[in-house]
Amino acid sequence: FSRMLDQNIINKLKAEPLFSDCLLPDIEKGHVFPAVRNNRVHFYYGGSRLFEYTTSGFRTHVKFASVLIGKRNGYIDESQLNDVKPISRFADGYEAIKETCKNYAGDEARGVSSIISRPGIRARPTTGRWIIPLDVEACFSKSNDDEDDTVDRIDIVFLDADTQRLRFCEAKCYGNRELWSKRGTRPRVATQLDKYNNQINERRDEIVQAYAAHVQALK
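Here the structure is a predicted model, which means the values were calculated and not measured. (Residues numbered from 1 in each chain as written. Predicted model: local features only at pLDDT ≥ 70, side-chain atom pairs only at ≥ 80, totals over all residues. Heavy atoms only, no water.)

Draft legend 1. Layout of the overall build of the protein chain. Scanning the protein chain from N- to C-terminus turns up seven helices and 10 strands. Expressed as a percentage of its 219 residues, the buried residues of the protein chain come to 39%. At a minimum sequence separation of 6, the contacts of the protein chain that also span at least 24 residues come to 57%. Approximately 13500 Å² of the protein chain is accessible, and the part contributed by carbon and sulfur atoms is 48%. (Helix = DSSP H or I, 4+ residues; strand = E, 2+ residues; numbered from the N terminus. Buried < 20%, exposed > 50% of the residue type's maximum accessible area, 1.4 Å probe, protein only. Contact = heavy atoms within 4.5 Å. Areas by Shrake-Rupley, 256 points an atom, 1.4 Å probe, with all protein chains shown as cover.)

Right under this line is the structure:
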């Protein structure tokens, strides 16, 4: 489990027009959420991964990038096909890519997005303590495959700035059947939380060190 980001990648990212002109303003507004991985940065918007940045540059899913310059909404007929064309740069279709990205998110992912995509540090109203969203889709398995949907991922990681403790949260919509059980049985989400707790306890020091590096990279 790693959250290291090489300084060369940071420098290269900061020089990218897509970052400085599009992503960074949205991060500052709280619309886009950056999450550090192992020498990668994932950018989330509306509940989906908008972009990924690596040593090779930016990439996004083909279904998000399949947008056209010209007429973007509504219907076109065959005679209008010459008036539209695919984008040649992500920055050209940035707003359209964002909108498409958001449309693919599920209800729980959109709910998570509404929590994490906020500008700066947030105080919890009931206590006034500073609660900082650090990460989403945190995976402690040995799999490095970001496209592997079979691995367990913790929905949100927070930093309680006052106590300097990490908080790991699982998000479920109220209608999710994993929250419910018959009398005398445990809901499936309880087993899921037990598994997460075991992973966190077994790798406690590794996780703390990784998120210390994560915070430094974000700075």
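That covers the picture; the talk isn't over yet.
Draft legend 2. Representation of the packing of aromatic side chains in the model. This structure, assessed with the given rule, holds nine aromatic pairs. Ring geometry for Phe-19 against Phe-43: centres 6.3 Å apart, planes inclined by 55°, an arrangement best described as tilted. Here Phe-19 is found in helix H2 (residues 17-29), whereas its partner Phe-43 is found in strand S2 (residues 41-45), with 24 residues between them in sequence. Residue Phe-19 is classed as buried on the basis of its relative accessible area of 11%. We classify Phe-43 as buried; its relative accessible area is 1%. Ring centres 6.5 Å apart and planes at 5° place the aromatic pair Phe-51 and Tyr-94 in the stacked group. Of this pair, Phe-51 sits in strand S3 (residues 48-54) while Tyr-94 is found in helix H4 (residues 94-103), placing the two residues 43 residues apart along the sequence. Overall, the relative accessible area of 1% leaves Phe-51 in the buried class. (Phe/Tyr/Trp six-rings, centres within 6.5 Å; stacked < 30°, edge-to-face > 60°.)

Draft legend 3. Looking closely at unusual backbone geometry. In this structure, Asn-39 takes a positive phi of about 60° despite not being glycine. Its location among the elements puts Asn-39 in the loop between strand S1 (33-36) and S2. Despite not being glycine, Gln-164 shows a phi value in the positive range, around 60°. As for its position among the elements, Gln-164 is in the loop between strand S9 (154-160) and strand S10 (165-169).

Draft legend 4. Structural view of the side chain of Thr-60. For Thr-60, the position within the fold is in the loop between strand S4 (57-59) and helix H3 (62-65). On the basis of relative accessible area, Thr-60 is assigned to the buried category, the value being 18%. Among the polar contacts made by the side chain of Thr-60, one reaches the main-chain carbonyl oxygen of Leu-50 at a distance of 2.6 Å. (Polar contact = N/O pair within 3.5 Å; in protein donor to acceptor, adjacent residues only side chain to side chain.)

Draft legend 5. Fine view of a nonpolar patch on the surface. On the surface, a nonpolar cluster with roughly 370 Å² of combined accessible area is contributed by Tyr-174, Leu-179 and Trp-180. By the secondary structure assignment, Trp-180 is in the loop between S10 and helix H6 (188-202). (Patch = residues over 30% accessible without salt bridge, like charges linked within 9 Å, V, L, I, M, F, W, Y side chains within 5 Å. Salt bridge = Lys/Arg side-chain N within 4 Å of Asp/Glu carboxyl O.)

Draft legend 6. Up close: the sheet that holds S4. Read across the sheet, four strands follow the order S1-S2-S3-S4 without closing on themselves; strand pairing throughout is antiparallel. Of all the strands in the sheet, just S1 and S4 have a single pairing partner and so form its edges. On average, adjacent strands in this sheet sit at an angle of 25° to one another, irrespective of strand direction. Relative to S2, S1 runs antiparallel, the two sharing four bridges. Each bridged residue has a counterpart across the sheet, and for Ala-35 the counterpart in S2 is His-42. (Pairing = 2+ DSSP bridges. Axes fitted to C-alpha atoms, helices over the stretch in contact; angles between N-to-C directions.)

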